[in-house]
Amino acid sequence: MINIVGRKKIWFTISSAIIIVTILVALIFSVELDIQFRGGSIVTYSHSGELDKGDFAKTIESVLGGEKVSIQEQRDVTTGEMNLVVTLSSKQGISPEKYGEINDALWAAYPQNNIEVVSTSNVDASIGHDFLIKSVVAVAAASVLMIVYIAFRFRKIGGWSAGVFSVLALLHDVMFVFAVFVFFRIPLNDSFIAVVLTILGYSINATVVIYDRIRENKRLLGTKVSLAELVNTSINQSLTRSINTTISTVIAMGTVCVVAIVYNVSSIITFAAPMLVGMIAGAYSSVCIAGPLWVTWQEHKLAKKHG
Amino acid sequence: MKKVGKPMFFIVAAIIIGLTALSFLGVSTTYGDVPTKYIKGVDDIRWGIDIRGGVDVTFSPPEGYDATDEEMAAAESIIKVRMVSQNITDSEIYTDYNKDRIIVRFPWKEDETDFDPEDAVKELGETALLTFKEGSNGPVVIEGKHVQEAYVALDPQTGNPVVALTLTSEGATLFSEATGRLKGQTISIWMDDTKISEPVVNDQITDGNATISSPNFTTEEAKDLADKINGGALPFKLQTENFSSISATLGLGSRDAMVTAGIIAFILVSIFIIIMYRLPGVIACIALMGQVAGSIACITGFFPNIPSFTLTLPGIAGIILSIGMGVDANVITSERIKEELKVGKTIDGAIDSGFSRTFAAIFDGNITMVLVAVVLMGAFGPPGSIFARLLAPIFRWFGSSATGAIYSFGYTLVVGVIFNFLMGVTASRLMLKSISKFKAFKNPWLYGGVKNND
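Residues numbered from 1 in each chain as written. Chains lettered and ligands numbered in written order. Predicted model: local features only at pLDDT ≥ 70, side-chain atom pairs only at ≥ 80, totals over all residues.

An unreviewed UniProt entry lists chain B under the name Protein translocase subunit SecD, with Youxingia wuxianensis as the source organism. Chain B has a UniProt comment under Subunit (unreviewed entry) that states "Forms a complex with SecF. Part of the essential Sec protein translocation apparatus which comprises SecA, SecYEG and auxiliary proteins SecDF. Other proteins may also be involved." The annotation that UniProt attaches to chain B under Subcellular location (unreviewed entry) is "Cell membrane". (UniProt positions renumbered as here; feature names shortened; annotations may be inferred.)

As annotated in an unreviewed UniProt entry, chain A carries the name Protein-export membrane protein SecF and is attributed to Youxingia wuxianensis. Its UniProt record gives chain A a comment under Function (unreviewed entry), which states: "Part of the Sec protein translocase complex. Interacts with the SecYEG preprotein conducting channel. SecDF uses the proton motive force (PMF) to complete protein translocation after the ATP-dependent function of SecA." If you open the UniProt record of chain A and go to Subcellular location (unreviewed entry), you find "Cell membrane".

Asker: Explanation requested: the overall build of chain A in the structure shown.
Answerer: Along chain A, the regular secondary structure elements total 10 helices and 4 strands. Written out in order from the N terminus, the α and β elements of chain A read α-α-β-α-β-β-α-β-α-α-α-α-α-α. Classification of the 307 residues of chain A by burial places 49% in the buried group. Within chain A, counting contacts between residues at least 6 apart in sequence, those at least 24 apart form 77% of the total. (Helix = DSSP H or I, 4+ residues; strand = E, 2+ residues; numbered from the N terminus. Buried ≥ 20, exposed ≤ 12 C-beta atoms within 10 Å, placed from the backbone. Contact = placed C-beta atoms within 7 Å.)

Asker: In this structure, what is going on with the sheet that holds strand β9 (residues 161-167) of chain B? I would like to understand it.
Answerer: Think of a sheet as strands paired side by side through backbone hydrogen bonds, with each pair either parallel or antiparallel. All names here are of chain B. Read from one edge to the other, the open sheet built from 3 strands follows the order β8-β9-β12, with strand pairing classed as antiparallel. Strand pairing shows two members of the sheet lacking a second neighbour, β8 (147-154) and β12 (209-212), which therefore form its edges. The sheet shows a mean angle of 25° between the axes of neighbouring strands, taken without regard to direction. The sheet contact formed by β9 and β12 spans 4 bridges and is antiparallel. (Pairing = 2+ DSSP bridges. Axes fitted to C-alpha atoms, helices over the stretch in contact; angles between N-to-C directions.)

Asker: Help me out: how do you make sense of the domain arrangement of chain B in this one?
Answerer: When the parts of a complex come together, some accessible area is lost, and that lost area is often used as the size of the interface. Each assigned domain of chain B is listed here: domain 1 (8-44 + 247-447), domain 2 (54-127 + 238-246) and domain 3 (130-232). The residue makeup of the side of domain 2 of chain B that touches domain 3 of chain B, split by class, is 5 nonpolar, 2 polar and 2 charged. (Domains from an automatic or database assignment. Nonpolar A, V, L, I, M, F, W, Y, C, P; charged D, E, K, R; others polar.)

Asker: I'm lost on the nonpolar core in this one. Help?
Answerer: Within soluble globular proteins, side chains that are nonpolar tend to cluster in buried spots. If you look at the biggest cluster of nonpolar residues, it comprises 157 residues, and the most contacted ones within it are A:Leu197, A:Val256, A:Ala272, B:Ala317 and B:Leu376. Contact partners of A:Leu197, with chain neighbours within four places excluded, come to A:Ala138, A:Val139, A:Ala142, B:Val372, B:Val375 and B:Leu376. Counting residues in hydrophobic clusters, the runner-up holds 44 residues, among them B:Val55, B:Ile78, B:Ile102 and B:Ile189. (Core = buried A, V, L, I, M, F, W, Y, C linked by C-beta atoms within 7 Å.)

Asker: Would you take a moment to explain the sheet that holds strand β6 (residues 130-134) of chain B for this structure?
Answerer: Residues and elements named next belong to chain B. Overall, antiparallel pairing links the 4 strands, which are arranged β7-β6-β10-β11 in an open sheet. Either end of the sheet is taken by a strand with one partner, and the two such strands are β7 (140-143) and β11 (194-197). Between one strand axis and the next, the sheet turns by 35° as a mean value, whatever way the strands run. Note: β6 against β7, 3 bridges, orientation antiparallel. Opposite Lys 133, over in β7, you have Val 140 as the bridge partner.

Asker: Looking at this model, I keep getting lost on the domain arrangement of chain A. Mind explaining?
Answerer: Residues and elements named next belong to chain A. Examined at the domain level, chain A breaks down into domain 1 (8-35 + 127-306) and domain 2 (40-123). Averaged C-alpha coordinates put domain 1 and domain 2 at centres separated by 41 Å. In terms of residue class, the side of domain 1 that touches domain 2 is built from 4 nonpolar, 2 polar and no charged.

Asker: It is not clear to me how the UniProt feature "transmembrane region" (unreviewed entry) in chain B should be interpreted in this structure. Could you clarify?
Answerer: Residue and element names in this part refer to chain B. Residues annotated in UniProt with the feature "transmembrane region" (unreviewed entry) correspond here to residues 257-275, 282-303, 309-332, 367-388 and 408-432. With 83% helix and 0% strand, residues 309-332 has its two end C-alpha atoms placed 31 Å apart. A distance of 33 Å separates the end C-alpha atoms of residues 408-432, which is 100% helix and 0% strand.

Asker: Explain the confidence of the model for chain A here, please?
Answerer: The predicted structure's coordinates, where accompanied by low pLDDT, should not be read in detail. Confidence in the prediction of chain A, expressed as mean pLDDT, is 85, and 99% of residues score 70 or more. Across chain A, the element-wise mean pLDDT spans from 82 in strand β4 (residues 116-123) of chain A up to 91 in helix α1 (residues 8-29) of chain A. (pLDDT = per-residue confidence, 0-100.)

Asker: Which parts of the structure should I look at to understand the pairing of strand β1 (residues 40-46) of chain A?
Answerer: Side-chain direction in a regular strand flips from residue to residue, so the side chains alternate between the two faces of the sheet. Residue and element names in this part refer to chain A. When you tally the buried positions in β1, you get 6 out of 7 residues, the bulk of the element. Bridging between β1 and β4 involves 7 bridges; their strand directions are antiparallel. The partner of Ile 42 across the bridge, within β4, is Ser 121. Where β1 lies against strand β3 (residues 82-88), 4 bridges are found, and the strand directions are antiparallel. Counterpart to Val 43 in the pairing with β3 is Val 86.

Asker: Would you explain helix α9 (residues 239-262) of chain A in this entry?
Answerer: Residue pairs three or four apart in sequence face the same way in an α-helix, which turns once every 3.6 residues. A rise of 1.5 Å per residue sets the reference length of α9(A), with its 24 residues, at 34 Å; its end C-alpha atoms lie 33 Å apart and thus fit the reference within 8%. Just downstream of α9(A), A:Asn264 is the residue with a positive phi angle, here 55°. (Expected span 1.5 Å × (residues − 1).)

Asker: Quick question: what am I supposed to make of the confidence of the model for chain B here?
Answerer: Scored by pLDDT, chain B has a mean of 83; 93% of the residues are at 70 or more. The ipTM value of the predicted complex is 0.86, and its pTM value is 0.82.

Okay, here's the thing in structure tokens:
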């Protein structure tokens, strides 16, 4: 049997360190919001032949009355050609009319280059803001639902504290997902929220299996063993399950991730990669954080009562 | 626990294989040139606009204008009429009455080669031109600005729903003259270039209060017509708040890549689970196949009471994710069976307690996934969806989502979890119990126990 509860200091240190570094990096380099949340415009053009990016940008800027745009190159999934991704600096998005003017100007300036619009994305700042708040509310609502559910199901083993600690473990997982966005400089988007919500459910699922074992063992062993021992036994009994389930989900999500990278499906990369990290973090936190943290709290309470 | 007979394995396996074949292939016949669909297969999946390309646009009244619910409904009906007149039948239109926004998503037409989202969007948001014309396409009698309002009323004599019109005083004068002249003939009502109704003039209408009746009007049809007429009388032009578009070629490559990923993931997970758990692993793979088939069936509209669902790239990722998570129930029970064998139980006893003792954990785990998936669907779904309504007390003050792709992920996740529960618990138990009755499968080694040498 592995003494997981006994090594809690190691786990807590590793996790805290990663979380602190993530927060520091986020504060120093700042985290960008995707245009879904902050508003703005991105247009992707395909073209043939050689194009000067600077001139291309100037053509667009002249239509916009001098507003700056930034241009990046991106490989097209289907054609394999390089596309130009134009990001406007304004947060308000542009009207379909203005957008039409830009296209007309580009077609006039580059008649030989078969310029075509591959995709456009245009979000008004106020809609983006509403959507951001809604997403945050969704995550909060889901967390509360989880606490209430766990508190109810595990009321015999101190449900509320069990619920709160499993959600603390969740915050930990969310920070790991956040870390992927921070370190890879991915703007926070709807994928981030979807991943966070999924990890919420996934990690709680893993924690539930362990709590369930604690509940069963408490019935079997009663007060014969210490709380730390009880929790540690339960974690160990469900360890193979935790590992195997994680492996199978990691296989599935890992495949998605690899295929998305090979074919450059960017909307899926920003979804699958954080999901993968979140799942590993979720499995780790269920085993090494949620249980040990809860034991610490219960022992602290006990000590207080007796002291 | 109920007795499970030997044939049960074959019955359950046959049902799963049948479901898989049907949900993937569908059933259709072609009689002459007329194909008839009985059961929808994967070919009938409605792909999201992130896959087949299309436009996603949000309209709202001009800033500072507080539109009433009736005006928003009228605006929505204008867009619907225009969609149909442009031959776009596969659009999704949602109106958010709290935030006064209309979200429209439509794919490119199949034969379209010139993808011009800007024109399509501009056209949809234009003020509708409502006209009443003499006969089926004669001179204009009155216009949208002459209509004060249209609403559904009940005919006092017949009790049938009718559309009542209130005209402005200028409209009343014009209409009185026309109805006097056209008694017994028809007046057609047009929105832009689409005829929406052509009632017969029964009497001269002098007071500006007209009703349009039809012997077989349903309340819905009457409301629909009233909305359209109101649409032509809207005092504002819709503004574009958001719009995004994607070309038709970009997404298909991504979809094919994701489908490949799904197949690879299924094979890898199957190999892993069979190596880890031997016979229960094989059973888990059959159950997993059933789970995927169930998810597909819920997307295609296979079950008569579950409508088809738009599948996006994140939606496919959701199916793959549920493949990975789906074996969890089997992992938990197989682990437990192994444990029970270790403490000396018979195969039968081990299988029984393996399933019964893990039920609570599997149930709890699945419930938490269902809860988050419901929140996901509420947060990212259209305003009218059941989940959005369920969560309306929390979300009503926040706008609808700026993207539609994630909704599909929530859906595939929730159906994946539900089928996982059905397959991983019920179907797996029946199959494992029945197969263990066969002499060839009585070796504990097959269940992760110690090899039986007798």
